[in-house]
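A closer look at the structure
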Amino acid sequence: MEIVEHRQIMILGGGPAGFTAALYAGRADLKPLLVTGMTLYGQASQTHCIENYPGFPEGVGGSDLGQRMNEQSKRFGAEIVYDTVQCVNLQQRPFEVCLSSGSYTADSLIISMGADARKLGVPGEREFTGRGVSYCATCDGAFNKEKEIHMVGGGDSAIEEALFLTRFARSITIIHRRDQLRAGAILESRARNNPKIHFLWDTVVREIIGGDTVSHLLIENLKTGQQETIATDGVFISIGHNPNTAVLEGQVKLTEFGTIDVDKHMETSVKGVFAAGEIADPYFRQVVTSAGMGAAAAISATKYLFSL
Ligand SMILES: Cc1cc2nc3c(=O)[nH]c(=O)nc-3n(C[C@H](O)[C@H](O)[C@H](O)COP(=O)(O)OP(=O)(O)OC[C@H]3O[C@@H](n4cnc5c(N)ncnc54)[C@H](O)[C@@H]3O)c2cc1C
């Protein structure tokens, strides 16, 4: 594809990490080009109220926060392109990035294409996301005081999140498709010894049901085939995350979690290529931590570019 333009720095992904990187790179006078991808403002745009991003004591809507980040980065010279990265070539210098609308070259890249929580893919899941269906206990736990909730999953994250939720909820029932957990022994024993945590083994959710918010789950026992509708105040789904690394295949080192491997400067295995936010973070997965990684990546990229 024909090269449209050369840039000192490009930022791939328009979530909190990408827009924060664009703000910092803009203030360093690098005139960054940010490519948003299909989900403008990232995962946070799916939630109507973020209560744990500092500076907003009343909370802030996810899209509202994204819009503010967008405006702030543009004020310092960032250019925003509403397109999707189709391919990158990190083997050549300058690096090449192809979008649907044309190709660019860049001396440095910040990759901030995020991750997607794995979905159950059952009826009602999408409809009730943010209205009783959640993929993040840290984000939404506090909305569940004295509630009777369900957690789908059986790995370390699901159990850690269930234990965290015991601070708020009256009871948490873990729904797991197998008859034993995949989580580590210590976590499992903590969960089994916690009087608020209960288990439904060999069970899957077939449908999420409700009115304004979730009220019931249709579940099925995989051993007996028996289906049952049970009441719930909400369901947390913790069955893993897929970092959006498909367009980078084979070009940059990944971790055992499938996230991009970065050092403390957010630099990847390719010099001059940095990564920030959930695409490089299997642990924290928050707006504030992603934004922080975006800032760090842009500071490192700025130093890198000034050293050329
Ligand atoms: C429903 C929900 C509620 C949440 N609530 C909270 C909360 O209350 N508090 C909190 O701190 N966190 C919350 N989170 C988590 C938070 O949203 C994420 O941690 C954060 O958005 C991660 O930011 P990011 O920039 O790394 O990636 P993302 O937000 O995932 O953004 C990735 C960006 O990359 C773009 N992209 C992907 N592929 C491509 C491509 N090929 N080309 C170009 N661009 C691409 C996407 O379009 C998107 O703009 C919530 C998450 C969800 C799903």
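Anyway, here's the lowdown on the structure attached to this text.

Rules behind the numbers
Residue positions within a chain follow its written sequence, with the count starting from 1. Given that this is a predicted model, residues contribute local features only at a pLDDT of at least 70 and side-chain atom pairs are listed and counted only at 80 or more, while totals for whole chains, interfaces and linings are drawn from all residues. With hydrogens and water excluded, all non-hydrogen atoms of the structure serve as input to the side-chain values. Exposure above 30% relative accessible area and no salt bridge define the residues that can form patches, which grow by joining like charges within 9 Å and nonpolar side chains of Val, Leu, Ile, Met, Phe, Trp and Tyr within 5 Å. To measure how exposed things are, a 1.4 Å probe is used in the Shrake-Rupley method; for residues, cover is taken only from the protein chains shown. The term salt bridge refers to a side-chain nitrogen of Lys or Arg lying within 4 Å of a carboxyl oxygen of Asp or Glu. The charge count treats Lys and Arg as positive and Asp and Glu as negative. His and the chain ends do not count. By convention, the charge on Lys lies at NZ, on Arg at CZ, on Asp at CG and on Glu at CD. Numbering of helices and strands runs from the N terminus, with a helix taken as a DSSP run of H or I at least four residues long and a strand as a DSSP run of E at least two residues long. For the exposure calls, accessible area comes from a 1.4 Å probe over protein chains only, and a residue counts as buried if that area is under 20% of its type's maximum, exposed if over 50%, partly exposed in between. By definition, two strands form a pair when at least two bridges between them are found by DSSP. For this purpose, a residue is taken to be near a molecule or strand whenever a single non-hydrogen atom of the residue falls within 4 Å of it. A 3.5 Å cut-off defines polar contacts: any pair of N or O atoms within that distance qualifies, except that in protein one atom must be a possible hydrogen donor and the other a possible acceptor, and neighbouring residues in sequence count only when both atoms are side-chain atoms.

Next up on the list: a positive patch on the surface. Together, R118, R177, R178 and R182 make up a region of like positive charge exposed at the surface. Here R182 lies in the loop between strand 10 (171–175) and helix 5 (185–193).

On to the pairing of strand 6 (residues 102–111), then. Of all ten residues making up strand 6, nine are buried, and the element is well covered by its neighbours. In the sheet, strand 1 (residues 3–12) pairs with strand 6 via eight bridges, with the strands oriented parallel. Residue E5 lies in a different strand from strand 6, and its bridge partner there is Y104. In this structure, strand 5 (residues 95–99) lies alongside strand 6, joined through five bridges in antiparallel fashion. Bridging across to strand 6, F95 finds its partner in A106. Counting the residues in the hairpin turn of strand 5 and strand 6 gives two residues. As paired elements, strand 6 and strand 17 (residues 273–275) share three bridges and run parallel to each other. Residue pairing in the sheet places I110 in a bridge with F274 of strand 17.

Let us now look at unusual backbone geometry. Peptide bonds are, in most cases, trans, and in most cases residues other than glycine have a negative phi. Backbone torsion omega between R93 and P94 reads -10°, so that peptide bond is classified as cis. In this fold, P94 is placed in the loop between strand 4 (85–89) and strand 5. The backbone of D29 sits at a positive phi, close to 65°, despite the residue not being glycine. You can call D29 exposed: its relative accessible area is 54%. Even without being glycine, K31 reaches a positive phi, approximately 45°. Mapped onto the secondary structure, K31 falls in the loop between helix 1 (16–27) and strand 2 (33–35). Owing to a relative accessible area of 48%, K31 belongs among the partly exposed residues under this scheme.

Moving on, we get to the site of the ligand. Near the ligand, the surroundings consist of 31 residues, among which T36, T39, Q43, E278 and V287 are the closest. Within the backbone of M38, one N or O atom sits 3.3 Å away from an oxygen atom of the ligand. Here an oxygen atom of the ligand sits 2.6 Å away from a polar atom, N or O, in the main chain of T39. For the ligand, the accessible surface in isolation is 1,000 Å², of which the surrounding protein chains cover 93%. Broken down by secondary-structure element, the contributors of at least two residues to the shell around the ligand are helix 1 and helix 6 (287–307).

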